[in-house]
Every structure is written in structure tokens, then in C-alpha cells.
Amino acid sequence: MHSSVKTVGNQRIMEQVPLKTIVEQQGSPCYAYSKAAISDNFLSYQRALASRDHLICYAVKSNSNIAVLQTLAKLGAGFDIVSAGELERVLMAGGDPTKVVYSGVAKTADEMRRALEVGIHCFNVESESELRLLNKTAAEVNKIAPVSLRVNPDVDAKTHPYISTGLKENKFGIDISRAFDVYQQAAQMDSIAVVGVDCHIGSQLTDITPFIDAMKHLLVLVDRLADAGIKLHHLDIGGGLGVCYQNEVVPSLESYMDALAPLLEGRTETLIMEPGRSITANAGILLMQVQVIKKNGDKNFAVVDAAMNDMLRPALYDAWMDINTVATECEHNAIYDVVGPVCETGDFLAKDRALSISEGDYLYLSSAGAYGFTMSSNYNSRPRVAEVMIDNEKIHLVRARETLEDLVRGEQLIEES
Ligand code: LLP
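Residues numbered from 1 in each chain as written. Predicted model: local features only at pLDDT ≥ 70, side-chain atom pairs only at ≥ 80, totals over all residues. Heavy atoms only, no water.

Notes on the domain arrangement of the protein chain
Right, so step 1: For the protein chain, the assigned domains are domain 1 (5-33 + 281-408) and domain 2 (35-280).
Right, so step 2: Taken over C-alpha atoms, the centre of domain 1 sits 32 Å from the centre of domain 2.
Right, so step 3: Contact residues are listed per partner, giving 24 residues for domain 1 and 25 residues for domain 2.
Right, so step 4: Connecting domain 1 to domain 2 are one salt bridge.
Right, so step 5: The partner of Asp391 in a salt bridge is Lys35, and the shortest N-O contact between them spans 3.9 Å.
Right, so step 6: In this structure, the connection of domain 1 to domain 2 is made through twelve residue pairs in polar contact (both at pLDDT 80 or more).
Right, so step 7: Put simply, the parts of the chain that give the side of domain 1 that touches domain 2 at least two residues each are helix 11 (313-317), strand 20 (386-391) and strand 21 (394-399). (Domains from an automatic or database assignment. Contact = heavy atoms within 4.5 Å. Salt bridge = Lys/Arg side-chain N within 4 Å of Asp/Glu carboxyl O. Polar contact = N/O pair within 3.5 Å; in protein donor to acceptor, adjacent residues only side chain to side chain. Helix = DSSP H or I, 4+ residues; strand = E, 2+ residues; numbered from the N terminus.)

Concerning the site of the ligand
Right, so step 1: Close to the ligand lie 19 residues, the nearest being Ser203, Glu274, Arg313, Tyr317 and Tyr371.
Right, so step 2: Separating an oxygen atom of the ligand from a backbone N or O atom of Gly276 is a distance of 2.8 Å.
Right, so step 3: A per-class count over the shell around the ligand returns six nonpolar, seven polar and six charged.
Right, so step 4: The residue makeup of the shell around the ligand includes at least three contributed by each of domain 1 (5-33 + 281-408) and domain 2 (35-280). (Near = heavy atom within 4 Å. Nonpolar A, V, L, I, M, F, W, Y, C, P; charged D, E, K, R; others polar.)

Observations concerning the pairing of strand 19 (residues 362-365)
Right, so step 1: Every second residue of strand 19 is oriented toward a common face, with Tyr362 and Tyr364 on one face and Leu363 and Leu365 on the other, all of them buried.
Right, so step 2: Inspection of the sheet shows strand 14 (residues 284-296) paired to strand 19 by four bridges, in the antiparallel sense. Pairing of Leu287 across the sheet is with Tyr364, part of strand 19.
Right, so step 3: Of the pairings in the sheet, the one linking strand 16 (residues 323-325) to strand 19 comprises three bridges and is antiparallel in character. What sits directly across from Thr325, in strand 19, is Leu363. (Buried < 20%, exposed > 50% of the residue type's maximum accessible area, 1.4 Å probe, protein only. Pairing = 2+ DSSP bridges.)

Structural data, given as C-alpha cells:
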């Protein structure tokens with residue numbers, strides 16, 4: 001298990017701060033991210049791609065806190081966005097719009113206008129309708145829209161069905177067998193500049209073969225287009241590698257690049273990648289406190305103050321995430337299901353885990369930095385939790401815990417008749 005938490009003496013620490021200090025100071029539940037771990041993860045992409053012309057566009061959806069984006073922008077990251085909200089976050093964080101790629105299955109004209117106004121690197125277009133709307137919208141504002149078509153290469157990513165995106169039956173992208181024709185249409189459009197091709201076959205991939213297969217399919221298309229006079233400038237292979245949550249063996253970035261190298265030899269296109277999870281997942285944890293310990297039948301339950309609304313992955317994907325006590329000196333005293341207080345049977349964070357705990361103890365869920373806070377909600381009218389970023393010995397509050405006012409912001413009572 002890779003983790004941003006280390007055990008030193010009898011303390012668990014993130015960078016130089018004991019987890020106990022974080023949770024006592026900031027309250028529970030709370031997300032904590034290691035700035036150094038986020039930076040290191042990004043830098044390992046930079047190192048692995050150094051020998052090629054490249055652009056690493058961090059997938060904002062995995063963790064969109066503006067301090068996380070700021071950290072990555074400072075290191076020169078580009079960004080992969082899927083909404084106008086994500087675009088504004090990137091700009092707020094000091095991100096460079098010319099390094100932004102805009103993914104997403106149905107961008108609206110308003111979203112397109114804003115992206116054209118700030119001058120993004122390219123639109124990853126996912127359908128012919130979107131292409132027509134973009135051409136029209138760009139013409140209205142007198143701009144030329146840079147476009148890459150997101151093709152669906154019909155490759156099985158062999159990951160969880162909910163996060164598999166590159167199969168014919170998935171809603172994403174343009175069927176690769178139609179892509180040549182759509183490129184020809186795009187090349188004829190006055191307000192479109194064809195600049196690249198992209199695909200994203202799925203997330204949490206622990207085998208590089210599907211990425212390589214997808215790239216092979218892309219290159220056949222790129223060469224056919226070049227023969228027809230349509231020259232592309234970049235190849236975007238989509239999201240990054242998976243991470244280790246439990247005991248998955250994840251290939252190294254170097255081995256991924258080594259496998260891509262023979263395919264890309266002699267090619268001049270810029271290589272774009274859109275990693276999210278592999279940059280933020282193992283850099284973050286979710287801290288929580290045991291509220292109630294109870295036994296129903298033969299089952300022991302630890303009811304904690306975090307819930308599926310704070311971390312949806314176990315409930316939605318049956319994802320296994322590691323959970324541990326913040327205190328170190330524990331013998332395993334029982335097998336627990338760690339569950340939240342939300343009124344849903346699916347509200348669990350971990351099942352059948354050996355833990356030694358009492359009510360009031362603190363726990364932390366590992367690898368929670370990606371698709372954690374960003375997928376959180378206010379279900380059961382629970383305020384969203386605080387987020388902190390740890391930088392050496394400093395604890396920066398990067399999102400305050402929501403208040404009751406935040407919960408009902410924008411809501412109105414109606415006039416009584
Ligand atoms: N690019 C596109 C177009 C994407 O749709 C995604 C993720 C990425 C890049 C980043 O992929 P990554 O490097 O993170 O694998 N909520 C799910 C994951 C959903 C992924 C959606 N797309 C989870 O918690 O497992």
C-alpha cells in the first residue's frame with residue numbers, strides 16, 4: 001500500500017504533522033492532503049515523459065480543491081476539465097488556460113463561449129452534434145475552436161464497469177469507425193481547427209495493455225488522416241494509471257512509457273495525458289471518529305461520523321479502501337463493518353476489518369484524495385467536511401467545513417397563502 005501516512009515512533013504522521021493533531025485541530029470528519037505527495041506524483045509523470053514533447057493535464061474531477069490545482073499549476077501542469085465550474089477553478093488557482101483540454105459528453109454553448117474567451121488548448125469533442133454547436137458558437141464570437149475528437153476505440157479496460165469508458169456500449173466518444181468521416185467534416189468547418197485526437201478508455205487500470213491497444217487504434221486513424229491531408233498535432237491517451245488501494249500491482253510509469261515508445265518512435269505529435277487518481281488518491285486521507293460501537297447478531301459495527309455522502313466510492317463501486325486507527329498501539333480486537341450514520345444500508349466505508357477501537361477513537365481512510373471530496377454531497381443534510389493541506393509542519397485549511405447557512409444557501413420559504 002502506498003500511503004501519504006507514515007508511522008514514526010508511536011505516531012502516525014502526514015508530512016511532519018501527527019494525524020491526531022490534524023483532526024483535533026480541524027475537527028472530524030476532515031480530508032487531509034499531502035502537498036509533497038501531490039507534487040511528487042505529478043513530478044513522476046513529468047520525469048517519465050521528459051524525453052518526449054508532452055503535456056500533462058491533471059484531471060480536475062479527481063480533486064478540484066483550488067489549493068490542489070494551485071500546487072499543480074505552480075509545477076507547470078495543464079488541466080483536463082469537464083465543466084465551466086472546473087474551468088473557473090483552474091483560472092482561480094492560477095492555471096494556464098492554454099494548457100487546458102476540455103472533455104465532457106455534452107458541453108453547452110455557454111461553456112464553449114467561456115472556454116473560447118479564455119483560449120483553451122483544445123476541446124475534446126465527443127459527438128457530431130457537439131462539433132456543429134462548437135462551430136456555430138465559435139463563429140458567433142469570431143474565434144476558431146481548436147478541436148480533438150474523442151474517439152471510442154472499443155477497447156476493454158478491464159476495470160469496474162462503472163469506470164470503463166472505451167467500449168462501444170459506453171456513452172463516451174465517437175465510434176472509431178466513424179471518426180475519419182467526422183474529422184473530414186470538421187476540417188471543412190470554418191470555425192474549427194483540427195489539432196489532435198484523444199481517447200479515455202477507463203479509470204483505475206492496472207494493466208497497460210489496453211492503453212497500448214488504444215494507442216495503436218489511434219495511430220491507424222492518425223496516419224489515415226495524414227494521408228488525406230489532415231495533420232494532427234497531439235495524441236491524448238486520456239487518464240493515468242491506477243493506484244494501489246489494497247494489493248493491486250500497478251505498473252510503473254516508466255514501463256508504460258517503455259511500452260508506448262516503439263509505437264511513438266519517429267513521431268512528432270505532442271503526447272498528452274490526463275491523470276487524476278494517480279496524482280491525488282494516495283496523497284489524501286479521510287479522518288473520522290468512532291461514534292458508536294454496536295453488535296447486531298454476530299456483526300460488529302463501528303458507526304463513524306463520516307458517511308457515504310463524504311466518501312461515496314465504497315457504496316457506489318463496492319471499492320475496497322484501507323482503514324486504520326490514528327493511534328498506533330492497537331491489537332486487533334474484533335472484526336468490524338465501519339459504517340456511517342446515513343439512513344441507507346449501502347452507507348459503509350469498510351467491511352469486515354480487524355480493528356481495535358473504542359468509541360471516541362479516530363480512524364483514517366487511506367487513498368481518499370481522489371474522487372473523495374469531489375463526489376461528496378449534502379445527502380441527509382450533512383454539511384460537507386473540511387479539507388486541509390499539509391505542507392511540512394503546516395496545516396492549511398483549504399476548505400472550511402460547511403455551516404447550516406451553507407446547507408440552505410439559495411433555498412427560500414414560500415409565501416403562505
Ligand atoms: N480524462 C477523462 C476524460 C476522464 O473521464 C477521466 C476520469 C480522467 C481523464 C482521469 O482518469 P484517472 O487518471 O483518474 O484514472 N469516480 C470513479 C472514477 C471516475 C473516473 C472518471 N473519469 C472512482 O472513484 O473510481
